[in-house]
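Summary of structural features
Residues per chain are reported as follows:
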Amino acid sequence: MTGRPAPRVVEALNGALHRLFDERPSLHLLGEDVLDPYGGAFKVTRGLSTRHPDRVLGTPISEAGITGVAGGLALAGDQAVVEMMFGDFAALAFDQVLNLISKSVTMYGERVPMPVVVRCPVGGNRGYGPTHSQSVQKHFLGIPNLALYETSPFHDPYAQLAEGLDHGPAMLFEDKVLYTRRVFRDGAVDEHHRYELLGGPTGWAHVTPVDAAPADVVLICPGGTAHRAIEAAGLLRGRGLTTHVLVPARLYPPDLEPVLPLLAGARLVAVAEESTAGGTWGAEIAAQVHGRIWAQLRAPVLPLSSADSVVPTAPHLEAGVLLGAERIADEIETAASRSLPPRAPAAPVAPAGPLADTGPLAAPVPAAPVPAAPAQDTARPEGAEPVAGVPVGVPKLNNNDTAYLVLQWLADDGAQVAEGDPLVEVETSKAVEEIVAPAAGHLRVRAAEGTEVGVGELLAELFAEPPTDRPESPSASSPGAAPVAAAPVPPPAAGQGPAPRTHVLDRAQQGTAAVVTRAHQEVPAAFAAVEVEVDAVLARLRTLSDETGAEVGLPEAVVKAVAATHPTFPHLFGALLDERTVRLADTVDIGVTVDAGNGLYTPVLRDCAARSLADLSDDLMEFRMKAFRGEFTAGDLSGGALTVSLNVEPGVLVVQPIVMWPQLCMVSVGGPLTRLVLAEGVPAPATVVTLGLAYDHRVVNGREAVAFLRAVSDALHDPEQLVKLID
């Protein structure tokens, strides 16, 4: 492994095209908006028109015309790559693909080379809507002479494009979610999986557990579904099933020879793809597998596709339609339970969770079993105090998690509940689960909304009589405390008119309210602010975005600049243990505020000091998508040593944030403003933002707070420090 990060898929594609253009003087590129500086809708063709201006053609909006011209170039002895701005638009070029390019190979009495590759960005999970999110691969299956490829994080796109041109015509499908993901290299996927290529550079990627356990299940998928398949393999491993994943570089015609022994040895074979069912690539694979090794299969091949629907624009609806990791794992587990022979699992398997990909909340989950006599509670965590009522503990809901977030109590503190009544919603890393009462009684809440609770810890107690131990002034977000109830609105007196209108806070805002309440109750915060010129850093960030393909902006730069101060101001990243002791953070994990209009979240960017701006940009983009969908887990939102409040809309002067216990500081970033400054005695416009710092005055004093802000400001403004920050 080298120290340099692996390239993103978009960078690998761009590099492959540059290499092909350098090697093949007869190669042309045709497409809409492919000329620099735009470089294509997804920046795949960046730099090509500058380097090869005579061979890159920006075309009118006519997919049929573009593809027809490419076919004409091929018939005249040249080579061509066509870019469809979105794969959905390939429907407009279908006639040229079906009746000109593919047929020309064999309809003139001799075999005619047709070196044409049509590139198609496909797939959803980007919120682009019904006509920009389809997986159209199945519509081009089975056309004589036409080969179909799909990009993947395992395969070199140069090999795919070169083979497609040399044995063309061909289509290369590029799942849009892969563009910003990094390719896998050196046989490593993650800490749990590795891979090898079977059948050469355009063969199959074979993903296996690092312990090389033999396959119970072989899951076949195209490159765009690979990350979901690998995640599903991890889920299935926790449920007692070892899964190998196979990803081809060429979809059609498939070469099954290198993988037939693996398929024949598995107990279940599944094919997962994002397209809707009916005439799909997965059905073609299943048919060929059945035809080749039917006698050796222990069950029919299991096909998995997205729902029979157009792809919605709304993120939560889109997630409910498209095939996801949870559904892949659940359907394989169900099929395995019917067709696999019994086998003893190495450890007890937790109940399968709900289908997180389909949107609805989980079915009720019984609370952990409790003994009839609380005094004999052997399941109580070591060191825990005895409880007087029937305890409601935190059951094991997901093998991947050790703690969950308390989202919402469904019964009021002190209320009388019956056995089986819903008590509380908790969030796991995959879904929202509902825990019900294990017995009848009066409820005493012991874990407040917005707190994180570990497996086996106490959520509540159930008493035969109404409890009398009312907590005094509990903190809304402190562990073991009851939620703070809002003051009731008294009904209007007779003759005083209608009742006042009210607005009930949603769940996300209630969580924010709990954090704010605790901050104001427990942290004696002060505030300081400085103004910093940012023209230089913004210019460098635009260049970095062009070079890397990542959309790097001021938020990432501020986070990186804050992280750079950690060696000088380590205690600002700590937590107060007692009146004289601060626990220091080993790594710089920084929370950032994200508000997509459905609640304020503070997910945590990990190890900010060691990672590049481009990597932080990738994480922030993923956080924004999770915010749209409300998919954050407790793990995403916990563990920050310091938080940065991002309020970078134009015109925002200054923001005074809170300090989120147990942190000691929160940095705020205002929006860009234009100021007139003196440059060599001449007034000139400059772009400035205000950096603020709310700090715990028990640990940090004003002079130190200003010194910290100056250090962050210098990293964003001083030329020498700016180079270190960005490069």
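Criteria and thresholds
- Residues numbered from 1 in each chain as written.
- Predicted model: local features only at pLDDT ≥ 70, side-chain atom pairs only at ≥ 80, totals over all residues.
- Heavy atoms only, no water.
- Salt bridge = Lys/Arg side-chain N within 4 Å of Asp/Glu carboxyl O.
- Helix = DSSP H or I, 4+ residues; strand = E, 2+ residues; numbered from the N terminus.
- Buried < 20%, exposed > 50% of the residue type's maximum accessible area, 1.4 Å probe, protein only.
- Pairing = 2+ DSSP bridges.
- Axes fitted to C-alpha atoms, helices over the stretch in contact; angles between N-to-C directions.
- Contact = heavy atoms within 4.5 Å.
- Core = buried A, V, L, I, M, F, W, Y, C linked by side-chain atoms within 4.5 Å.

Attention shifts here to the pattern of salt bridges. Side chains bearing opposite charge may pair, as long as their charged atoms lie close to each other. For the structure shown, the criterion picks out 19 salt bridges. In this structure, arginine 239 engages glutamate 333 in a salt bridge whose closest nitrogen and oxygen atoms are separated by 3.0 Å. With arginine 239 in the loop between helix 6 (226-238) and strand 10 (243-248) and glutamate 333 in helix 10 (residues 325-339), this pair connects stretches of sequence that are 94 residues apart. The closest approach of N and O atoms between aspartate 413 and arginine 444, which form a salt bridge, is 3.2 Å. Separated by 31 residues along the polypeptide, aspartate 413 in the loop between strand 16 (403-409) and strand 17 (416-417) and arginine 444 in strand 20 (residues 441-445) bring together distant segments of the chain. Classification of aspartate 413 by relative accessible area gives partly exposed; the value is 22%. Under the relative-accessibility criterion, arginine 444 is labelled buried at 0%. Ionic contacts of the salt-bridge type, sharing partners, join the residues Arg239, Glu326, Asp330 and Glu333 into one network.

Ordered in space as 2-1-3-4-6-5-11, the seven strands form an open sheet in which the pairing is mixed. Each edge of the open sheet is held by one strand with a lone partner, namely strand 2 (56-58) and strand 11 (250-252). When the angles between neighbouring strand axes are averaged without regard to direction, this sheet yields 20°. Of the pairings in the sheet, the one linking strand 1 (residues 27-31) to strand 3 (residues 79-83) comprises five bridges and is parallel in character. Along strand 3, the bridge assignment pairs leucine 29 with valine 81. Most of the contacts of helix 3 (residues 63-75) go to strand 1, to which it runs at about 170°, and overall it touches strand 1, strand 3 and strand 4 (116-122).

Right, let's get into the nonpolar core. Ranked by size, the top nonpolar core spans 55 residues in total, and within it Val537, Val562, Val644, Leu693, Phe708 and Leu716 carry the most contacts. With seven residues, the single largest contributor to this core is helix 13 (residues 554-564). The contacts of valine 644, once residues within four sequence positions are left out, are Val558, Val559, Val562, Ile590, Gly591, Val592, Thr593, Val667 and Val669. Formed by 51 residues, the second largest nonpolar core is a distinct cluster that contains Ala70, Ala80, Val118 and Leu246.

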